[in-house]
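Okay, here's what each chain looks like letter by letter:
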Amino acid sequence: MADAHAAPHHDYHLVNPSPWPLIASIATTLMFVGAVVWMKGLVGPDAGPIATALLAKGDKVLFFAGLAGVLFSAVGWWADVIKESKAGDHTPVVSIGLRYGMIMFIASEVMFFAAFFWMFFEMAVFNEARAHIPEVSGWAETAAAWSTWPPKGVETLDAWHLPLLNTVILLLSGTTVTWAHHALQVGDRKAARTGLIITVLLGALFTGVQVYEYYHILHEHLFFNEEAANSGLYGSIFFMATGFHGFHVLLGTIFLLVCLLRLMAGQMTPQKHFGFEAAAWYWHFVDVVWLFLFAFVYVTFG
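The structure presented is a predicted model; accordingly, all values stated were derived computationally and were not measured.

Here is what the cut-offs are and how they apply
Residues numbered from 1 in each chain as written. Predicted model: local features only at pLDDT ≥ 70, side-chain atom pairs only at ≥ 80, totals over all residues. Heavy atoms only, no water. Helix = DSSP H or I, 4+ residues; strand = E, 2+ residues; numbered from the N terminus. Buried < 20%, exposed > 50% of the residue type's maximum accessible area, 1.4 Å probe, protein only. Contact = heavy atoms within 4.5 Å. Areas by Shrake-Rupley, 256 points an atom, 1.4 Å probe, with all protein chains shown as cover. Salt bridge = Lys/Arg side-chain N within 4 Å of Asp/Glu carboxyl O. Patch = residues over 30% accessible without salt bridge, like charges linked within 9 Å, V, L, I, M, F, W, Y side chains within 5 Å. Expected span 1.5 Å × (residues − 1). Core = buried A, V, L, I, M, F, W, Y, C linked by side-chain atoms within 4.5 Å. Axes fitted to C-alpha atoms, helices over the stretch in contact; angles between N-to-C directions. Parallel < 35°, antiparallel > 145°, perpendicular 65-115°, else oblique. Left-handed = near helix turned anticlockwise from the far one by under 90°. Nonpolar A, V, L, I, M, F, W, Y, C, P; charged D, E, K, R; others polar. Polar contact = N/O pair within 3.5 Å; in protein donor to acceptor, adjacent residues only side chain to side chain. pLDDT = per-residue confidence, 0-100.

(A) The overall build of the chain, seen in detail. Broken down by element type, the chain carries 9 helices and 0 strands. The N-to-C order of helical and strand elements in the chain reads α-α-α-α-α-α-α-α-α. Taken over 302 residues, the chain has a buried fraction of 38%. Taking all contacts inside the chain whose residues are at least 6 apart in sequence as the whole, residues at least 24 apart take part in 74%. For the chain, the accessible area works out to roughly 17,500 Å², and carbon and sulfur atoms hold 71% of it.

If you want it as structure tokens, here you go:
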């Protein structure tokens, strides 16, 4: 009888049973339920003490518990993938699959942002048509607010100050990550490390500038004020589109930081560094999305 546990004679890697998909799914669900509890709550004032303690509006315990679970599963899952790579399981065929997987992931992210742009263009281009929709209860004031875009009362940001600064930061970071990638391909680990350090710092700087920009908007009540009481859709679209992009920048920065730590630990070679390559692809995607945000949200319709 043949040995059932003998080494496979093919290029495909059969993944060992892993707890991470289940743990990540449970943690993600918990995190998003916790986000709803934090913002809206899931129980009324007559709920019992235990339900009130865990599900009342403003409670952050479930959200951060879920977030901790997501981070824990991400670290464990990706650590297993790195172990598989070191063990030689990432054959040329498997590497092609990893590349296809990353391409499909970025394609799904493109559609994710396409929804936000669709929503923005729908209001920016067809706002006047909404002002002539037959009146219904409570619609007249909102229709009047949407008759212009941006709505009356909304104070937009000057595209040529902080948004332009962040554009320059991201474009520069795109050149430094490309420099680092090319340096690693030719075996110049010192230049690759320097390029990655600069890219990570630029990513952190972008996040800092955006946090300051948000503070300015909220502190000065630029989008939400008495005059713009019925035009909250502009602020919602703005924060959804730019905020989710900022979240992607944060994730990309962490992605590149992990690549930097692995590079410094000697885990990447000119022949084998798909983790870094995938991070570079993701970073360029983030750059391109920001160019569209800057061109349309800040400049054209700002």
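There is more to say, and it comes next.
(B) View of the pattern of salt bridges. Overall, the coordinates contain 1 salt bridge when judged by the stated rule. One salt bridge connects E277 with R99, and the closest N-O pair in it is separated by 2.9 Å. In this pair, E277 sits in helix α9 (residues 274-300) while R99 sits in helix α4 (residues 92-130), placing the two residues 178 residues apart along the sequence.

(C) Region of interest: a nonpolar patch on the surface. A surface patch of nonpolar side chains, about 410 Å² in accessible area, is lined by F247, L250, L251, I254 and V258. With respect to the element layout, L251 can be found in helix α8 (residues 232-264).

(D) Summary view of the side chain of T253. Topologically, T253 is positioned in helix α8. By relative accessible area, which is 11% here, T253 ends up buried.

(E) A look at helix α6 (residues 162-185). In a regular helix each residue adds 1.5 Å, so 24 residues correspond to 34 Å; α6 covers 35 Å between its end C-alpha atoms and thus fits that length. Downstream of α6 by a residue or two, G187 has a phi angle that is positive, lying close to 85°.

(F) Representation of the nonpolar core within the structure. Within the largest apolar cluster, 57 residues are counted, with the highest numbers of intra-cluster contacts made by F238 and F276. Elements with a minimum of two residues in this core: α4, α6, α7 (189-219), α8 and α9. Examining the composition of this core, we find that 15 residues originate from one element, α9, more than from any other.

(G) Here's a closer look at the packing of α8 against α9. As a packed pair, α8 and α9 sit with axes 9 Å apart at the nearest point and diverge in direction by 155°. Taken together, the axes of α8 and α9 are roughly antiparallel relative to one another. For the pair α8 and α9, the sense of crossing is left-handed. Residues of the contact of α8 with α9, tallied by class, amount to 20 nonpolar, 6 polar and no charged.

(H) Here's a closer look at the environment of H273. Within the secondary structure, H273 is located in the loop between α8 and α9. Separated by 88 residues in the primary sequence, H273 and Q185 place their C-alpha atoms 8.7 Å from one another. For H273, the contacting residues outside a window of four places in its chain are H181, L184, Q185 and M268. Side-chain polar atoms of H273 contact the backbone oxygen of P270, separated by 3.3 Å.

(I) Focus on the confidence of the model for the chain. In this model, the chain carries a mean pLDDT of 86, and residues with pLDDT of at least 70 account for 84%. Counting contacts from residues 1-5, a segment whose pLDDT is below 50, to residues more than four positions away or on other chains yields 0 contacts.

(J) Structural context of helix α3 (residues 61-86). Here α3 is 26 residues long and its end C-alpha atoms lie 38 Å apart, about the 38 Å a rise of 1.5 Å per residue gives. Buried within α3 are the following residues: L62, F63, G66, G69, S73, A74, G76, E84 and S85. Just downstream of α3 lies G88, where phi reads positive at about 85°.

(K) Broad picture of the environment of G246. Locating G246 in the fold gives a position in helix α8. By relative accessible area, which is 10% here, G246 ends up buried. In the structure, G246 is positioned 44 residues away from W290 in sequence and 9.2 Å away in space, judged by C-alpha atoms.

(L) Region of interest: the environment of R99. Judged by relative accessible area, R99 falls into the partly exposed class, the value being 28%. The spatial distance from the C-alpha of R99 to the C-alpha of F274 is 8.1 Å, given a sequence separation of 175 residues. If we skip the residues at most four places from it in the chain, R99 touches F274, E277 and W281. Side chain to side chain, R99 and E277 meet in a polar contact 2.9 Å long.

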